[in-house]
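# Coordinate inspection notes
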Amino acid sequence: MRKAVDSGELDVLRLESYRKLEHETSCDGLSGKAIERKKCERMFKEVGGMKNARRFAQEHNKHK
């Protein structure tokens, strides 16, 4: 998809819209708690997941 955006074949806004719809449909049928868990996993993916984010927060709070 990145190639299509770079070449101008696919508009960036359309790709973002597609990804948003893809995320919304992946949550169909899930409970509120499951949706929140999935959202957190997505948010903290860059730091290695929720466990690493919790560990970082705990370490950060110890230094205060």
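Scroll up to find the structure.
Residues numbered from 1 in each chain as written. Predicted model: local features only at pLDDT ≥ 70, side-chain atom pairs only at ≥ 80, totals over all residues. Heavy atoms only, no water.

## Overview of the overall build of the protein
Operational definition: Each helix is a run of H or I in the DSSP string that is no shorter than four residues. Each strand is a run of E no shorter than two, and both are numbered from the N terminus. In this treatment the radius of gyration is a C-alpha quantity, and the globule benchmark scales as 2.2 Å times the residue count to the 0.38 power. A 1.4 Å probe rolled over the protein chains alone gives each residue an accessible area, and that area as a share of the maximum for its type sets the label: buried under 20%, exposed over 50%, partly exposed in between. Neither His nor the chain ends is counted toward charge; the positive residues are Lys and Arg and the negative residues Asp and Glu. In plain terms, the charge of a residue is placed at NZ if it is Lys, CZ if Arg, CG if Asp and CD if Glu.
Helices and strands together make up the secondary structure of the protein, namely four helices and zero strands. Ordered by position from the N terminus, the helices and strands of the protein form the series α-α-α-α. Relative to its length of 64 residues, the protein is extended, with a C-alpha radius of gyration of 17 Å against a globular reference of 11 Å. Burial statistics for the protein: of 64 residues in total, 11% are counted as buried. Here the protein carries 16 positive and 11 negative side-chain charges, and the mean point of each set is 8 Å from the other.

## Let's talk about the state of the cysteines
The test is simple: Disulfides are defined in this document as cysteine sulfur pairs within 2.5 Å.
Summed over the entire model, instances satisfying the criterion amount to zero disulfides. Take Cys 27: it sits in no disulfide, and the sulfur closest to it among the cysteines is that of Cys 40, at 12 Å. You can call Cys 27 buried: its relative accessible area is 13%. On the basis of relative accessibility, which here comes to 24%, the residue Cys 40 falls in the partly exposed class.

## With respect to the pattern of salt bridges
Formally: By definition, a salt bridge exists where a carboxyl oxygen of Asp or Glu is found within 4 Å of a side-chain nitrogen of Lys or Arg.
Enumeration over the complete set of coordinates arrives at one salt bridge. Two residues, Lys 39 and Glu 36, come together in a salt bridge whose shortest N-O distance is 3.3 Å. Here Lys 39 and its partner Glu 36 are both found in helix H3 (residues 32-43), three residues apart, which amounts to about one turn of the helix. Since its relative accessible area comes to 40%, Glu 36 is described here as partly exposed.

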